[in-house]
Amino acid sequence: MKLPVIKHLTQFIEENDEDFIIETIETLEGLTEVSSLKDEELDVIGELISNMYGALEVHKMVKEGTPKKEALNAFMSRVLGSIDK
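Residues numbered from 1 in each chain as written. Predicted model: local features only at pLDDT ≥ 70, side-chain atom pairs only at ≥ 80, totals over all residues. Heavy atoms only, no water.

A look at the environment of aspartate 39
Operational definition: Here a strand is any run of E in DSSP of at least two residues, a helix any run of H or I of at least four, and the numbering for each starts at the N terminus.
By the element assignment, aspartate 39 lies in helix α3 (residues 39-63). Along the sequence, aspartate 39 and alanine 71 sit 32 residues apart, while their C-alpha atoms lie 32 Å from each other.

Topic: the nonpolar core
Stated formally: By convention a nonpolar core is built from buried Ala, Val, Leu, Ile, Met, Phe, Trp, Tyr and Cys residues, the set being connected through side-chain atoms within 4.5 Å. Summary of the burial criterion: residues with accessible area below 20% of their type's maximum are buried, those above 50% are exposed, and those between are partly exposed, where the area comes from a 1.4 Å probe applied to protein chains only. Contacts between residues were defined by any pair of non-hydrogen atoms, one from each residue, lying within 4.5 Å.
Of all hydrophobic cores here, the largest spans 18 residues; its most connected members are Ile6, Ile21, Ile25, Met52, Val58 and Phe75. Breaking this core down by element, the ones donating at least two residues are α1 (3-15), α2 (18-31), α3 and α4 (68-84). Here this core takes 7 residues from α3, the largest share from any one element. Those residues in contact with methionine 52, other than ones at most four positions away along the chain, are Leu9, Ile21, Thr24, Ile25 and Leu28.

A word on the confidence of the model for the chain
This is how the line gets drawn: The predictor reports its confidence for every residue as pLDDT, a score running from 0 up to 100.
On average, residues of the chain score 93 in pLDDT, and 95% of them are at 70 or above. Per-element confidence in the chain is highest for α2, whose mean pLDDT is 97, and lowest for α4, whose mean pLDDT is 84.

Focus: the pattern of salt bridges
Between side chains of opposite charge, a pair can form when the charged atoms approach closely. Quick note on the threshold: Whenever a carboxyl oxygen of Asp or Glu lies within 4 Å of a side-chain nitrogen of Lys or Arg, that contact is scored as a salt bridge.
Overall, the coordinates contain 3 salt bridges when judged by the stated rule. Among the ionic pairs, glutamate 18 bridges to lysine 63, the shortest N-O distance being 4.0 Å. Note that glutamate 18 is positioned in helix α2 and lysine 63 in helix α3, a separation of 45 residues in sequence. Where arginine 78 meets glutamate 57, a salt bridge forms, and the shortest distance between an N and an O atom there is 3.5 Å. You can see arginine 78 sitting in helix α4 and its partner glutamate 57 sitting in helix α3, a full 21 residues away along the chain.

A closer look at the packing of α1 against α3
Heads up, the rule is: Throughout, an axis means a line fitted to C-alpha atoms (over the contacting stretch in the case of helices), and angles, computed between N-to-C directions, take values from 0 to 180 degrees. Should an angle fall under 35 degrees it is called roughly parallel, over 145 degrees roughly antiparallel, and 65 to 115 degrees roughly perpendicular, with every other angle called oblique. With the far helix as reference, a near helix turned anticlockwise by less than a right angle produces a left-handed crossing, and one turned clockwise produces a right-handed crossing. Any residue that is not Ala, Val, Leu, Ile, Met, Phe, Trp, Tyr, Cys, Pro, Asp, Glu, Lys or Arg is counted as polar, Gly included; the first ten are nonpolar and the last four charged.
Their axes nearest at 8 Å, the elements α1 and α3 cross at an angle of 60°. Classified by the angle between their axes, α1 and α3 sit oblique to one another. Seen along the crossing, α1 lies across α3 with a hand that is right-handed. Contact with α1, carried on its side by Val5, Ile6, Leu9, Thr10, Ile13 and Glu14, involves Asn51, Met52, Gly54, Ala55, Leu56, Val58, His59 and Val62 of α3 and no other residues of that element. Across the contact of α1 with α3, the residue classes break down as 9 nonpolar, 4 polar and 1 charged.

Rendered as structure tokens:
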């Protein structure tokens, strides 16, 4: 996951609607079923999907009243904490 990408996607959600991201995730998940995709291509799709889910999670925290910067930092801390375990 990349914080700048999640931050940008969170801004996109604020300016537009989270439904765009949800529909994009669904589309990308559907693409993973294509049997001719190479591992590298699947990795890129997976990275995009994880960043979009991260942006949705940050957006949810912001809607619940957490300042955006704090929500981004808390989310990334959680991600990094789960990687260390």
